[in-house]
Amino acid sequence: MKPLKVLEGVFLVGGAGISHEADCCIYLVDIDGSLVLIDSGVGVDTERIVENVKKAGYNPEDLEYLIGTHKHIDHIGGNWFFRNSFGCKVVMHELDAGAVESGDQFTTGAQLYGVKLHPCEVDMKISRTTSLIVGQFSLSLIHTPGHTPGSISVLLEKEGKRVLFGQDIHGPIEPSWGSDVDQYCDSMKLLLSLNADILCEGHFGIYTSPEKVKAYIERYMKIYGCK
Ligand SMILES: [Zn+2]
Ligand SMILES: [Zn+2]
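The notes below deal with the structure included here. What you see is a predicted model, and the numbers here were worked out from it, not measured in a lab.

Moving on to the pairing of strand 3 (residues 26-31). Of all six residues in strand 3, six are buried; the element is thus mostly enclosed. Burial of strand 3 is two-sided: the residues I26, L28 and D30 facing one way and the residues Y27, V29 and I31 facing the other way are all buried. Of the strand pairs in this sheet, strand 3 and strand 4 (residues 34-38) are connected by five bridges, and their pairing is antiparallel. Note that in strand 4 the partner of I31 across the bridge is S34. Counting the residues that bridge the hairpin from strand 3 to strand 4 gives two residues, and of these D32 lies at a positive phi of roughly 55 degrees.

With that settled, the discussion passes to the coordination of the zinc ion (ligand 2). Listed as protein donors to the zinc ion (ligand 2) are D74 (OD), H75 (NE2), D168 (OD) and H203 (NE2); their distances from the metal cover 2.1 to 2.5 Å. Written as a sequence motif, the donor arrangement for the zinc ion (ligand 2) is D-H-x92-D-x34-H. Between the zinc ion (ligand 2) and the zinc ion (ligand 1) the interatomic distance comes to 3.5 Å, and D168 is a ligand of both metals.

Summed over the entire model, instances satisfying the criterion amount to eight salt bridges. Its salt-bridge partner being D123, residue R83 comes within 2.8 Å of it at the nearest N-O pair. Taken as a pair, R83 in helix 3 (residues 79-86) and D123 in the loop between helix 5 (110-113) and strand 7 (124-126) lie far apart in primary sequence, 40 residues in all. On the basis of relative accessibility, which here comes to 23%, the residue R83 falls in the partly exposed class. The network of salt bridges with shared partners includes R83, E121 and D123.

What counts and what doesn't
Along each chain, residue indices are assigned from 1 in the same order as the chain's sequence is written. For naming, the first written chain is A and the first written ligand is 1, with later ones following in the order written. Note on the predicted model: pLDDT of at least 70 is required for a residue's local features to be given, and 80 or more for side-chain atom pairs to be given and counted; whole-chain, interface and lining totals, by contrast, use all residues. Excluded from the side-chain calculations are hydrogens and water; all other atoms, namely the structure's heavy atoms, are used. Relative accessibility decides the category of a residue: with a 1.4 Å probe and only protein chains considered, values under 20% of the type maximum give buried, values over 50% give exposed, and everything between is partly exposed. Helix and strand definitions follow DSSP, with helices as H or I runs of at least four residues and strands as E runs of at least two, each counted in order from the N terminus. If DSSP finds at least two bridges between two strands, the strands pair. Note that water is not among the atoms used; donors are N, O and S atoms within 2.8 Å of the metal (3.2 Å for Na, K and Ca), so sites may look incomplete. A pairing counts as a salt bridge when a side-chain nitrogen of Lys or Arg comes within 4 Å of a carboxyl oxygen of Asp or Glu.

In structure tokens, the structure reads:
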């Protein structure tokens, strides 16, 4: 299936129904000609994601950064492919990076999905909320632990809109995987305070008004009993 344009320079290039069925939502962001990929899917059928980058009008060789929002296989399984093929720098939080670098089949969920995680070096490990400078612009990388200890969300300001990439905001919150509900609730409060105009979520698509973004986040805060 074709990529979906979210707004100028922001595309959904992978996900169930678009690339492999087990892929998370994969977003491509054009920042003044430098390309940033947010997550890489399960690592099977990566060529379909590459095709969608091309169909969106871009050259995958221009991929500069790949942000891995957290260590789960459906988000980082393709990291090795994109890094090896296009030389992009992989960015992750240090608390989730180790599992990807060592090829941990368990805490990444690879075994559960029945796929093999190819270990992949992480070029930039962040330890706290920070900015990723891309050309003249920057993306905010926000540490939002809860679903995993090293989960990060990404905030982009483009065309007067605040676009939040909140992969797996819906959870699940499963302590046996290292989830922490208190951290999750604090992280969601932080994301609410950003008053994003658009939410690009990890499996459930795109929410296109501040009201819808707020309602979405609050719905899951209620499910997980956040006060
Ligand atoms: Zn996840
Ligand atoms: Zn996921």
